[in-house]
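Residue-level structure breakdown
Here is how the chains run, residue by residue.
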There are 2 protein chains.
Amino acid sequence: MRKVLPALLAIATAAVLPALADEGMWTFDNFPAAEVKARYGVTIDGAWLDHVRRSTIRLSNCTASFVSPDGLILTNHHCVESCLASLSSKDTSLVQDGFIARRRDAEPRCATQVADVLQVMEDVTGKVAQAVAGLDETAANEARKRALTQLEQDCERDSKLKCESVTLYQGGQYFLYKYKRYDDVRLVLAPEADIAAFGGDPDNFQFPRWSLDYSLLRAYENGKPVKTRDFLPIRFEGPAAGEAVFVTGHPGSTARLDTRAELEFQRDVALPNWLLRYSELRGRYIQFGKGSESAARIVEEPLNSIENVIKVRRKQLDALHEDALLAGKGEAERALRAALAGDPAFGDPWADIARAVDVERNLYLPYLFLEGAGGFNSANFRYARTLVRAAAERDKQNTARLREYTDTALPRLERQMLAPVPVYAELENLTLSFSLERMREWLGPDHPVVRELLAADSPDSLATKLVAGTQLADPAVRKRLWDGGAAAIAASDDPMVRLALAIDAPARAVRKRYEDEVEAPVAAAAEKIAAARFKVYGTNVYPDATFTLRLNYGTVTAWNEGGVELAPFTRLGTAFARATGAPPFRIPDSWLAVRDSLDMQTPFCIATNSDIVGGNSGSPLVDAQGRIVGLLFDGNIHSISGNYWFDAAKNRAIAVHPAIIRESLRKVYRADAVLRELGAR
Amino acid sequence: MRKVLPALLAIATAAVLPALADEGMWTFDNFPAAEVKARYGVTIDGAWLDHVRRSTIRLSNCTASFVSPDGLILTNHHCVESCLASLSSKDTSLVQDGFIARRRDAEPRCATQVADVLQVMEDVTGKVAQAVAGLDETAANEARKRALTQLEQDCERDSKLKCESVTLYQGGQYFLYKYKRYDDVRLVLAPEADIAAFGGDPDNFQFPRWSLDYSLLRAYENGKPVKTRDFLPIRFEGPAAGEAVFVTGHPGSTARLDTRAELEFQRDVALPNWLLRYSELRGRYIQFGKGSESAARIVEEPLNSIENVIKVRRKQLDALHEDALLAGKGEAERALRAALAGDPAFGDPWADIARAVDVERNLYLPYLFLEGAGGFNSANFRYARTLVRAAAERDKQNTARLREYTDTALPRLERQMLAPVPVYAELENLTLSFSLERMREWLGPDHPVVRELLAADSPDSLATKLVAGTQLADPAVRKRLWDGGAAAIAASDDPMVRLALAIDAPARAVRKRYEDEVEAPVAAAAEKIAAARFKVYGTNVYPDATFTLRLNYGTVTAWNEGGVELAPFTRLGTAFARATGAPPFRIPDSWLAVRDSLDMQTPFCIATNSDIVGGNSGSPLVDAQGRIVGLLFDGNIHSISGNYWFDAAKNRAIAVHPAIIRESLRKVYRADAVLRELGAR
């Protein structure tokens, strides 16, 4: 069960040297086209890159792509699960039942979804450096944020695009990424969860696999479907084994450039704490769902969501228990330090980070429960916190605000605040009581905030009072408070607003300490390390994932698992053979009804060696001609350690094969209009 | 949050050198009386040791002591919680309500409790060595078990006592421990859970503390209270700060002599796996308990039980994340290896263990879920497994049986089998469904056993069928199957019995592999390391805890927590000040009713630096004159790392002060007969 040598090599190299194998999450301005040409004989030119970039979409939580000139969008089922849940109720579940819009005017809007398309990347590293020149760590940390806010503000004024600052290479580079934003995104088609997530949590992150994890959305503008020249046609026959393929998308985050001290913090503190708390919440959710059919329906989406993350973090913890990984990190750090030994200004940034991480060990729990709201797990509380803070922050100058309340951030925040999303009081009671109880456990019953909140209450009774008393589940109430600003907040007697106000000062206090004592010295040290890395190893490296646009290359290929050579394709027939009749191994009635007409040899899923992580969900798998040959939705179990390093031997991505999408549209969902729009014969 | 130097010193020394500080869990035949004399001026002679030993009781799960000549037994409330639960029902909870027997004939029997008093310790190291001489690892492992079974059998025939073999120093010594067993143990008095476990899980393993964690039992023989000359009088005024005190009891298990490879296995595999699964079960229990008052009652005891272990294992994992601890282990191993470098027969037993542990990493999950029944968490399944195996094993020669079914073990097993203990179908459904689901998660849906069990069922539906169909909750049904032996088992159509039969072969197969490939080489190597340790460091060391009788020495003293010097005593008044009115910070009505009559200055809990672990619960804290000056019930949070090493600066034990016991008996419970029996003025 321990990783063997190839992984150890990769560990050391990922940290210091240009990437080997088909590794790397490359920015579009630094894609190693020559390497790809040399390795696969495939030419990726500027026109290809521009077209693929403009066809790629960033959703709020995933990747997607345009697949027709009428704004049709292909992404995963699990990427629209929260949209499906928000269109559901206690009595009906679009997650379970699926959805097909038979006409365009029957396509319902996803309340909070947006589709961003990257137009321009502007390097602003120099401008940021100028803003912090000569300042000490703490002042620099604040000045940097102000500078980024100002840059975004100026950019939005000048470009009329959405502008977001992006930190690459842990502070080695700063960019402004400029997006065309579509904020009217509607649901076109989603299969039933039973087939979309066939295998459920047991099969999650597994290959071989049989999950029909796709869905279709459509972008609208001014109430009409978006017209676009940039879209990716689907090659329904799919790729050949061994074929070179490309993944465009938005890998969420990785920690491959983190220092050993930072990884040890994850291993010792952050991951175990999270896993323990969320494993318990998983148990509470499951037991809650057994109470009634409606309970099962409303808990399905949040349960699926945390089960996925539990599996991810469990395997991340496993990865960090590979002592050789950490030893390799240490080696790489020593090597880089030795290479810079002649530079007196270099100091020892790794030791600086280790010291900051020691501070973080002590700040972690109060930060998590108060500022991170880990003690207040409730949609109503999140509304209250946002309302309270937005009111306070909007009264400040844009550059003086907390970064999540700048003018760039406000429109989306306002939309989320006003969106009519169902809030279930039973679930609110569950999550809020749970989190209050765990806050008392981890901070201790004698922590001042815990004492004040629970002096005459149990977590249960306090949660019940708060949930019963708050009106924030009503969007109209939220709108009144949002529009009313600080005066309305001060006048509100909503108990959740009062709670958010009551903990605001201690929460901000621990945030300030965290920013000054952890974030600031880490930022200063990481910038030094990034500069050292550029100096010693050049720029032929890729930055850690930041949920910004990247391009990977690789091939269609499976791997050797415990001596068994796996094939890179699965087929429909095996799904039927594995079905038990009970979730998560149940084939939906819609499929059973047409079983005899289905081609059981239809390819179902594909394995590739693409270097992907969470956030790449919904990414198109693209061939050398820019056609979609698969829809990425998962990685294998070994891919989870990709958060820390790339194991070329075993790290694999998993995609839905286009042929099974066509088979489903034709024979099961009979979605003829969609098929025509996709150009399927 | 990292341990500082004193701990590191202790790490290195615990593994190789005689104990420093007030460290050590000494066997009664090797107590360092001279050291105690030198350090505290206190004489502990043979008569003292014999008297204290014969006054000390091993319960099935805890320690206790005789406190009157009429067999009255003092132990913790949490040690009788399962007895209280077994005397409860859906409608009444003795755990919540407490219990007082106003007359001796009103003392109800605890269905499965026993009281063992150690009479003789016989060294059989030579006999065991003889039995395994010349055999290879695997054969030696089997021969050793046969020899221990034979020794126990001969001992019970000759002595008429209960004889149990004991492995000390990881195989460095073997003993027969001979006990006088009382198997009629009855309940005399238990406070309400609200005061006995005041502070609940949040305060568990915390000091300062206010938990009245005591209860009283009585041993009976031939239907009458046991008469004993060996009992410990209570010194109700309690000890002075700094006074030398002794803890007699049965520390359950420690891993201080484990090798680095074994500790890494715990850190990487066993602890995270357990914590994730049981955190989820905790969540399911809590949510289940919210369903109704009766649900809350029946889940209370199992929930308390796993919350306690979750806290223990969470802190154990924290301890193993102290990289310096593992580094110290490695250093100690290198030092001992170097000291033995001249001995060619010595080889490298640490490498042998590391190899075996690598095998264990692969066997762990199937062993856990199949043989360890981690996939079948159900009281009914445990009955079925025992019935199936006992029937098969009883048909074999005593020495050929699995060790848990030898003639020595059978009487207690039979008693547990036939005891009328309530089994709640709702809880059975919960735990069985949970464990089947997690077995499918961790072994994977394609594991042959999982496939076979869940081919046409969900974990829920299978659990429901099994629990609804089984009759094993009825003691009469169990008796018929127990008495009927193999023929009755073969003829049974009870679904739980059929399940236990169906998985018996794969479970035994993985057990055999584990015994041959992990247990055998580890036993051989550990024996070598133990011999080396004796050779280099002599016998002035203590063995790891094995739930056998030990004696510790120490003083009444608190510690410095984050710069704050704590006092070793708490007082009753503070409990009232901390009460919130809601569990687990609720003072029972019985106490509120007499509040004005209580002396708020009454000492409540005591901190000492005694080196104790789980299993010491219920241990008397004894002064130099052999009088009880406290009742041990917990350790502070730092004591949990005592599983791996003793941190003299911070590891503390927590005891109930005798004065609060007297105050409660006098003013709250008005238990005059008990007070007289205890000789309270």
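Turning our attention to the overall build of chain A. Counting its secondary structure elements, chain A contains 24 helices and 19 strands. Taking 2.2 N^0.38 as the reference for a compact globule, 681 residues should give roughly 26 Å; the C-alpha atoms of chain A span a radius of gyration of 25 Å, in line with that estimate. The principal-axis extents of the C-alpha atoms in chain A amount to approximately 65 × 65 × 55 Å. For chain A, with 681 residues in total, the buried portion stands at 52%. Long-range contacts, defined here as pairs at least 24 residues apart, represent 80% of the contacts in chain A between residues at least 6 apart.

Hydrogen bonds between backbone atoms are what pair the strands of a sheet, whose relative direction is either parallel or antiparallel. Residue and element names in this part refer to chain A. Ordered in space as β12-β11-β17-β18-β19-β16-β15, the 7 strands form an open sheet in which the pairing is antiparallel. Where the open sheet ends on each side, the last strands, each with one partner, are β12 (550–555) and β15 (569–571). Taking the axes of each pair of neighbouring strands and ignoring which way they run, one obtains an average angle of 35° across the sheet. Relative to strand β19 (residues 653–656), strand β18 (residues 628–635) runs antiparallel, the two being bridged by 4 bridges. Each bridged residue has a counterpart across the sheet, and for Asp 634 the counterpart in β19 is Ile 654.

Moving on, we get to the nonpolar core. Formed by 162 residues in total, the largest nonpolar core has its most connected members in Val 67, Ile 73, Ala 115, Ala 384, Leu 387 and Ala 655 of chain B. For Ala 115 of chain B, the residues in contact, after removing those within four places along its chain, are Ile 57, Leu 59, Ala 64, Ile 73, Tyr 182, Val 185 and Ala 219 of chain B. Val 36, Leu 84, Ala 85 and Phe 604 of chain A belong to the second largest nonpolar core, which has 123 residues in total.

This part takes up the packing of helix α10 (residues 260–289) of chain B against helix α13 (residues 349–371) of chain B. Residue and element names in this part refer to chain B. Relative orientation of the contacting elements α10 and α13 amounts to 20°, with a least axis distance of 9 Å. As far as their axial angle goes, α13 and α10 are roughly parallel. The handedness of the crossing between α10 and α13 comes out as right-handed. Where α10 approaches α13, its residues Ala 261, Glu 262, Phe 265 and Val 269 are matched on the opposing element by Ile 353, Ala 354, Val 357, Glu 360, Arg 361 and Tyr 364.

This part takes up the environment of Gly 71 of chain A. Residue and element names in this part refer to chain A. Within the secondary structure layout, Gly 71 lies in the loop between β2 (63–66) and β3 (72–75). The spacing of Gly 71 and Glu 221 is 150 residues in sequence and 9.6 Å in space, taken between C-alpha atoms. Apart from residues lying up to four places away in sequence, Gly 71 is in contact with Phe 66, Arg 218, Ala 219, Tyr 220, Pro 225, Val 226, Lys 227 and Thr 228.

Let us now look at helix α7 (residues 137–159) of chain A. All names here are of chain A. Taking 1.5 Å of rise per residue, the 23 residues of α7 would be expected to cover 33 Å, and the 32 Å separating its terminal C-alpha atoms lies within 8% of that figure. Listing the buried residues of α7 in full gives Ala 140, Arg 144, Lys 145, Ala 147, Leu 148, Thr 149, Leu 151, Glu 152 and Cys 155. In this structure, the buried side of α7 is in contact with α6 (125–132), β6 (162–168), β7 (173–182) and α20 (495–537). Within two residues after α7, Lys 160 carries a phi angle of roughly 65°, on the positive side.

Taken together, the contact between chain B and chain A spans 38 residues of the former and 38 residues of the latter. The element best represented in the side of chain B that touches chain A is α10 of chain B, accounting for 14 residues. Along the lines of polarity and charge, the residues of the side of chain B that touches chain A split into 16 nonpolar, 10 polar and 12 charged.

This part is about the relation of the copies chain B and chain A. Taken as rigid bodies, chain B and chain A are interconverted by a rotation of 180° and an axial shift of 0.0 Å, the fit giving an RMSD of 0.0 Å. What we have between these two chains is a two-fold relation.

Residue and element names in this part refer to chain A. Looking at chain A, the domain boundaries give domain 1 (5–114 + 183–255 + 546–677), domain 2 (117–181) and domain 3 (355–539). One C-alpha centre belongs to domain 2, the other to domain 3, and the line joining them spans 24 Å. It is α7 that contributes the most residues to the side of domain 2 that touches domain 3, 11 residues altogether. Grouping the amino acids of the side of domain 2 that touches domain 3 by side-chain chemistry returns 3 nonpolar, 8 polar and 6 charged.

Take the packing of helix α15 (residues 410–418) of chain A against helix α19 (residues 475–491) of chain A next. All names here are of chain A. At a minimum axis separation of 8 Å, α15 and α19 run at an interaxial angle of 145°. Touching Glu 414, Met 417 and Leu 418 of α15 are Pro 475, Arg 478, Lys 479 and Trp 482, all from α19. Class assignment of the residues belonging to the contact of α15 with α19 gives a composition of 4 nonpolar, no polar and 3 charged.

A word on the sheet that holds strand β17 (residues 620–622) of chain B. Residue and element names in this part refer to chain B. Taken in spatial order, the 7 strands make up an open sheet running β12-β11-β17-β18-β19-β16-β15, and their pairing is antiparallel. Each edge of the open sheet carries a strand with a single partner, namely β12 (550–555) and β15 (569–571). Neighbouring strand axes in the sheet, compared pairwise and without regard to direction, differ in orientation by 35° on average. Note that β15 and strand β16 (residues 603–608) share 2 bridges and pair antiparallel. Along β16, the bridge assignment pairs Arg 571 with Pro 603.

A few words now on the environment of Asp 407 of chain B. Residue and element names in this part refer to chain B. Mapped onto the elements, Asp 407 comes out in the loop between α14 (379–394) and α15 (410–418). The sequence separation of Asp 407 and Arg 394 amounts to 13 residues, and the corresponding C-alpha distance is 8.6 Å. With residues near it in sequence (within four places) discarded, Asp 407 still touches Gln 153 and Asn 398.

Glancing now at helix α24 (residues 658–668) of chain B. All names here are of chain B. Along α24, 8 of the 11 residues are buried, which leaves the element largely enclosed by surrounding structure. For α24, the complete set of buried residues consists of Pro 658, Ala 659, Ile 660, Ile 661, Glu 663, Ser 664, Leu 665 and Val 668. As for α24, its buried residues are in contact with α22 (572–578), α23 (589–593), β16, β18 (628–635), β19 (653–656) and α25 (672–677). The first or second residue beyond α24 is Arg 670, which carries a positive phi of 45°.

Residues and elements named next belong to chain A. The alternating pattern of β2 places Thr 63 and Ser 65 on one face and Ala 64 and Phe 66 on the opposite face, and all of these are buried. The turn joining strand β1 (residues 56–58) and β2, which pair antiparallel and follow one another in sequence, is formed by 4 residues. Bridge analysis of β2 against β3 gives 2 bridges, and the strand direction is antiparallel. Looking at β3, one finds that Phe 66 is bridged to Ile 73. Hairpin connection, β2 to β3: the antiparallel pair is bridged by 5 residues, and Gly 71 has positive phi, about 75°.

Moving on, we come to the confidence of the model for chain A. Residues and elements named next belong to chain A. For chain A, per-residue confidence averages 94 on the pLDDT scale, and residues scoring 70 or more make up 97% of the total. Across residues 1–19, where pLDDT falls below 50, the model places 43 contacts with residues more than four positions away in sequence or in other chains. Predicted complex, confidence summary: ipTM 0.91, pTM 0.93.

This next bit is on unusual backbone geometry. Residue and element names in this part refer to chain A. Omega for the peptide link from Pro 583 to Pro 584 comes to 0°, which places this bond in the cis form. With respect to the helices and strands, Pro 584 occurs in the loop between α21 (572–578) and α22 (589–593). Non-glycine residue Ala 373 carries a positive phi angle of around 60°. Within the secondary structure, Ala 373 sits in the loop between α13 (349–371) and α14 (379–394). Look at Ala 373 and you get partly exposed, because 18 C-beta atoms sit within 10 Å.

This part takes up the pairing of strand β11 (residues 244–249) of chain A. Residues and elements named next belong to chain A. Within β11, 6 of the 6 residues are buried, leaving the element largely enclosed by the surrounding structure. Neither face of β11 is open: one carries Ala 244, Phe 246 and Thr 248, the other Val 245, Val 247 and Gly 249, and all of them are buried. Relative to β12, β11 runs antiparallel, the two sharing 6 bridges. Each bridged residue has a counterpart across the sheet, and for Val 245 the counterpart in β12 is Gly 554. With 2 bridges joining them, β11 and strand β17 (residues 620–622) adopt antiparallel strand pairing. In the sheet register, Val 247 faces β17, and the bridge partner there is Leu 621.

This part takes up the environment of Leu 551 of chain A. Residue and element names in this part refer to chain A. On the secondary structure map, Leu 551 appears in strand β12. Accessibility expressed as a C-beta count within 10 Å gives 27 for Leu 551, which makes it buried. Taking C-alpha positions, Leu 551 is 23 Å from Leu 217, a pair spaced 334 residues apart along the chain. Not counting residues up to four positions away in its chain, the partners in contact with Leu 551 are Trp 26, Phe 28, Phe 31, Phe 246 and Thr 248.

Criteria and cut-off values
Residues numbered from 1 in each chain as written. Chains lettered and ligands numbered in written order. Predicted model: local features only at pLDDT ≥ 70, side-chain atom pairs only at ≥ 80, totals over all residues. Helix = DSSP H or I, 4+ residues; strand = E, 2+ residues; numbered from the N terminus. Rg over C-alpha atoms; globule rule 2.2 N^0.38 Å. Buried ≥ 20, exposed ≤ 12 C-beta atoms within 10 Å, placed from the backbone. Contact = placed C-beta atoms within 7 Å. Pairing = 2+ DSSP bridges. Axes fitted to C-alpha atoms, helices over the stretch in contact; angles between N-to-C directions. Core = buried A, V, L, I, M, F, W, Y, C linked by C-beta atoms within 7 Å. Parallel < 35°, antiparallel > 145°, perpendicular 65-115°, else oblique. Left-handed = near helix turned anticlockwise from the far one by under 90°. Expected span 1.5 Å × (residues − 1). Nonpolar A, V, L, I, M, F, W, Y, C, P; charged D, E, K, R; others polar. Least-squares fit on C-alpha atoms with pLDDT ≥ 70 in both. Domains from an automatic or database assignment. pLDDT = per-residue confidence, 0-100.

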